[in-house]
Amino acid sequence: MSRVIGELEELILLAVCILDGEAYGVSVKKEVERHTGRTILLGAIHITLYRLQDKGMLQSKLGGSSEKRGDRRKRLFRITKKGMEQLRTSQDVRQKMWDLIPQLSTGS
Amino acid sequence: MNTPRRSLSRRLADALIERWVGRVYLEEFMGDLDEMYEDRLEQRGKFPAEAMYWIDAIHLIFGFSSTVSKQSHSMFIGNMVKIAWRSAARHKQFTVLNLLGLTLGIATCVAIGLYVYEETTYDNFHANGDRIYRINQSMIWGDWTEQFSGTGPGITEAIRTDVPDFEEVTRIYFVGEQLMRAPDNGEATHFNEVNLYAAEDNFFKVFTFPFIKGSPNTALKEPHTIVVTESTAKRYFGDADPIGKTIETKSATGVYTPYTVTGLLADVPSQSHLKFDMLYSLSSVGELKTSKDTWIWTIFGTYGLVREGTDITALTKKLQALPPKYASRTTQSIFNQTFEQFTKGKPWTLYLQPLNDIYLAKEPTFNRFGPQGNPKFVMIFGAIGVLVLLLSSINFMNLSTARSSNRAKEVGVRKVLGSAKTTLVRQFIIESMLFVGVSTVAALLLVQLSLNVFNTIAEKQLSLVAHLTNPYFFGTLIGFMLIVGLAAGSYPSLYLSAFKPVETLKGKLRAGFKGTGIRNGLVVFQFTVSIALIICTFFVQKQLAYTSTIDVGISKDHVLQIYNMHQLGKGVDVLKAKLQTNPALTVVAQSGFLPPNVWGGDRYRAEGPDQPVVDLHYMRCDENYLPLLQTKFIIGRNFDPTNAADKFNIIINEEAARILGYGSKETWGDETPLGKHVVQSFGPEEKLQIIGVVKNFNFNSVKQKIEPLLVMHTDNDKHWSYSAGFPSYLSMRINPGSVKSGDDLQDLINDVKSELAKVDPAIPFRYSFMDEEFDDTFHEERKMSVVLNLFTVLAIVIACLGLFGLAAFSADQRKKELGIRKLHGASTSHLVFLFSSEFTRLVGLSIILATPIAWLLTDYWLSNFAYRTPISALVFVVAGVVALSIAAFTVGFQSLSAANANPAEVLKNE
């Protein structure tokens, strides 16, 4: 498979997987920030989520609200089969490339 | 549960999102924004949460605005930026002029904004700041309608008995300069402390000055305890712990009084109207025990902390009952007057001034305990900042509309291809915002680079870097960019997008040069402002030049004066005798005040029945001082050192003679004031005999009229100010013949310094020259004139940038017309004239408009001065000529190149 996804896209896909049904804008943002330690603007998260949905790697539906949100519903994202495949592929690509790194001799 | 109302700024952001972001996304986005807002509110507080709300909102709008309507897909933001970049790069001259003008304007505005922010946010670090009020009273020593920040200790006593609405009332007492040392150090180093006051034990219950060591509640309880700030402690004790150590004050007679350090404070923040290095306990002030009920010992500052929810208007009303009830005892015992006699029927009002208003208040203008701001200066600065920004925005609009004709074709093509009007408007607004954004960044750099200069002029320590981490600052900056971008971009965008494609594509607009009216109006506005500024600047300079040439009635040149003589005690006579032997000094004299700062005043009346009580300034000096000043006697004589009775005799000035009812030289005939008595209208009502009348001279700044003055001898102990520890000075007239160079002068000063050190090495040596002190009374005005000069130049530069751009544009538009004229035989000079006359007319109109405005402004400013330079027509003419020639020079370059162009080149395309 030749399609490549960007780093942020990959991180967000992973976060959506981790959150397992509880993934929406703020929770994805928090998850990615927690693991990477950097700050990401909400808008960037949303743009990427929608781009991934357009690419068919995510699907979404409106659901669940809380008082904090002023009783507004969240858009909950789920990974699709295609998204899962993409994640696997990119991990495989990386693993293959790691394997090709010649063993560096340490210590001399 | 009821959630609190959303703040205005959040609702505004919401409205923007609703307007620009597609409806499908609204619910989830708003939900996310709210959720994050709540989180941030908890973690970081209200302001960062609001600021981040905006940042996120704007980011979302930019990310999702393209979804608002399906038709505008071709106009993504990125695309717009690309087009903006291309058109900017194609018209480099316009782009540079635009950016330069805007950058200058924004930089000025940011610098001034920093200054105004600094000035308007004084005293906001006190925990109970909103409940702290200073208690002011009527100016009982002069104009009763003015406010006076000095109050007597009796006011506090009265409030404590009668008014329960205050949680605390506290007093701070003005001590005056003191020589101090720390005896434990074994060193004799003395410091001259200026910012030393005495404060009551509850001072820190009212004000929040953080303690590093010691207890705020008990530190000032005991007599002879003192709290010091960190840097002061360092000065005395180095890095050692100051608590429990001793600091001593030295009196004029050489007696030391010890104070024990009980508290170490952090240094007082720079934005505080109370500025002290040390505070000792008010219970150490001995006189307070005997005079605690007096109302006229107005050397205290009184501050009250009102209870929560107090109605200030009602409380102020309540306070008005105090002066008639309590002050009468004071007026009776000190002035032998009833309360009504003392006030002459005027109301003795008490005022409550909120803490945050104190620094920049119009009145009282006087604050004994720290800095006092100048609201006029802040206003002038602010107005100029807004004006310069306005000028540069106008420039921007002007240049953009001018350029718009060139882009008319682009607009036409776009419209034909189906672009909606809103898309075009957005394109132009985004372009202008990009310009503003770039200019803002450049302006911030410029401010950072030039802040040092600005600080020197405004005498401030402003810093841009400190604000860069402040979300407030960023919020303001973003809001500011949006507003200026919208304001500057709105006209060209609406104007351009309204073009009819058919006409623009036919080329009608190019020939028509539409919108000239508005553009010319804007040019006139710019030049009106510039010319008015030029005229004002001229007058400020003229007034300053004039005031330094006013004959003040005394010879103020070549007078060296040294300070702190009261700390020398009797040693001052030794020093005086010693200095008199110096051949470079012709006279040496002692005095209790130095012109132009003779501010002491008291109440006197001429002897006899029913004589009115009048306020006279008084000055103490010895028999040498009036000859040193070279005052002229109208009648009578100077103090005579051989006549013992002269100790209690006085000399008055013409104005005092008039106001005491003796008349003037022309009217008194044989009935001269000599030998008559002036009664001190206080205490035991001592009589003082007049032995001379001197010609009026300016003993205060020449901003004021000459006021009545009474001169008494240094040794007169019938007046309360004798031995009250008031400052005294030695003045000496330098023989100009013996001091020929700066080095000679420096040598002389060193001589005087070493003589002083021989008498008492502990006294700090401080000196000044009288003429410089007179000049210094115009310090504020000089500062203002420098600032005005700077901004006048800026305004002119910006106006010229605009004019230059317009001229360049016009030259481009009319090059064919000029080419044809040339072809038919018009000469170059004729063409230049033709071309320039259009702009000259505009500048001429501006001169006509600016003249009355500038006249009103200068007249208003000059009305502050007792001696004012006349408003002469010449200045207006000069300013007009200057403006015209600057404009002519700016336009001339363009018109010359237009007129010189080869008609064949210009017309070959037709």
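Residues numbered from 1 in each chain as written. Chains lettered and ligands numbered in written order. Predicted model: local features only at pLDDT ≥ 70, side-chain atom pairs only at ≥ 80, totals over all residues.

**Let's talk about the overall build of chain A**
Part 1 of the reasoning: For chain A, the helix and strand inventory stands at 4 helices and 2 strands.
Part 2 of the reasoning: When the elements of chain A are put in sequence order from the N terminus, they spell out α-α-α-β-β-α.
Part 3 of the reasoning: Overall size of chain A, expressed as C-alpha extent along the three principal axes, is 65 × 30 × 20 Å.
Part 4 of the reasoning: Intrachain contacts of chain A at a sequence separation of at least 6 include 42% that bridge at least 24 residues. (Helix = DSSP H or I, 4+ residues; strand = E, 2+ residues; numbered from the N terminus. Contact = placed C-beta atoms within 7 Å.)

**Regarding the overall build of chain B**
Part 1 of the reasoning: For chain B, the helix and strand inventory stands at 30 helices and 24 strands.
Part 2 of the reasoning: When the backbone C-alpha atoms are referred to their principal axes, chain B occupies close to 105 × 80 × 55 Å.
Part 3 of the reasoning: By residue count, 38% of the 910 residues in chain B fall in the buried class.
Part 4 of the reasoning: The long-range fraction of contacts in chain B, counting pairs at least 24 apart against all pairs at least 6 apart in sequence, stands at 82%. (Buried ≥ 20, exposed ≤ 12 C-beta atoms within 10 Å, placed from the backbone.)

**Regarding the packing of helix H6 (residues 153-162) of chain B against helix H11 (residues 322-335) of chain B**
All names here are of chain B.
Part 1 of the reasoning: Viewed as axis vectors pointing N to C, H6 and H11 meet at an angle of 135 degrees, and their least axial separation amounts to 10 Å. Classified by the angle their axes make, H6 and H11 are oblique. As H6 runs across H11, the sense of the crossing is right-handed. Contact with H6, carried on its side by Gly154, Ile155, Ala158 and Asp162, involves Leu322, Tyr326, Ala327 and Thr330 of H11 and no other residues of that element.
Part 2 of the reasoning: For the contact of H6 with H11, a count of residues per class yields 5 nonpolar, 2 polar and 1 charged. (Axes fitted to C-alpha atoms, helices over the stretch in contact; angles between N-to-C directions. Parallel < 35°, antiparallel > 145°, perpendicular 65-115°, else oblique. Left-handed = near helix turned anticlockwise from the far one by under 90°. Nonpolar A, V, L, I, M, F, W, Y, C, P; charged D, E, K, R; others polar.)

**Observations concerning the interface of chain B and chain A**
Part 1 of the reasoning: Every contact between the two is made by 13 residues of chain B and, on the other side, 16 residues of chain A.
Part 2 of the reasoning: Secondary-structure elements contributing two or more residues to the side of chain B that touches chain A are helix H2 (23-44) and helix H3 (46-64) of chain B.
Part 3 of the reasoning: By residue number, the principal contributor to the side of chain B that touches chain A is H2 of chain B, which donates 9 residues.
Part 4 of the reasoning: For the side of chain B that touches chain A, the residue count by class is 3 nonpolar, 3 polar and 7 charged.

**Considerations on helix H28 (residues 828-862) of chain B**
All names here are of chain B.
Part 1 of the reasoning: The terminal C-alpha atoms of H28, which comprises 35 residues, lie 47 Å apart, in line with the 51 Å expected from a rise of 1.5 Å per residue.
Part 2 of the reasoning: Along H28, the helix axis deviates most sharply at Ser837, where the bend reaches about 35 degrees.
Part 3 of the reasoning: When H28 is considered as a whole, its buried residues turn out to be Leu831, Val832, Phe835, Ser836, Phe839, Leu842, Val843, Ser846, Ile847, Ala850, Ala854 and Thr858. (Expected span 1.5 Å × (residues − 1). Bend = angle between axes of the 7 residues up to and from the residue.)

**Comments concerning helix H8 (residues 230-237) of chain B**
Every α-helical turn comprises 3.6 residues, leaving residues that sit three or four positions apart pointing alike.
Part 1 of the reasoning: When we look at burial in H8 of chain B, the residues that qualify are Thr232, Ala233 and Tyr236 of chain B. What you see down the axis of H8 of chain B is that its buried residues fit within an arc of 100 degrees, all on one side. (Arc of directions from axis to C-beta.)

**A few points about the confidence of the model for chain A**
Part 1 of the reasoning: Taken over all residues, the pLDDT of chain A has a mean of 84, while the share at 70 or more is 92%.
Part 2 of the reasoning: Confidence, expressed as mean pLDDT per element, reaches its minimum in chain A at strand S1 (residues 58-65) of chain A with 82 and its maximum at helix H1 (residues 7-19) of chain A with 90. (pLDDT = per-residue confidence, 0-100.)

**Focus on the packing of helix H21 (residues 571-580) of chain B against helix H25 (residues 742-759) of chain B**
Residue and element names in this part refer to chain B.
Part 1 of the reasoning: With their axes 10 Å apart at the nearest point, H21 and H25 run at an angle of 145 degrees to one another. Handedness of the H21/H25 crossing: right-handed. Of the residues in H25, those touching H21 at Gly571, Val574, Leu575, Lys578 and Leu579 are Val752, Glu755, Leu756 and Val759.
Part 2 of the reasoning: Grouping the amino acids of the contact of H21 with H25 by side-chain chemistry returns 6 nonpolar, 1 polar and 2 charged.

**Quick word on the environment of Asp92 of chain A**
Residue and element names in this part refer to chain A.
Part 1 of the reasoning: Examined against the element boundaries, Asp92 turns out to sit in helix H4 (residues 81-100).
Part 2 of the reasoning: On the basis of neighbour count, Asp92 is assigned to the exposed category, with 11 C-beta atoms found within 10 Å.
Part 3 of the reasoning: In this structure the C-alpha to C-alpha distance between Asp92 and Ser60, which are 32 residues apart in sequence, comes to 27 Å.

**Concerning the environment of Met36 of chain B**
Part 1 of the reasoning: Position of Met36 of chain B relative to the elements: it lies in helix H2.
Part 2 of the reasoning: The spatial distance from the C-alpha of Met36 of chain B to the C-alpha of Met52 of chain B is 9.1 Å, given a sequence separation of 16 residues.
Part 3 of the reasoning: Setting aside residues up to four positions removed in sequence, Met36 of chain B forms contacts with Val26 and Leu42 of chain A together with Asp56 of chain B.

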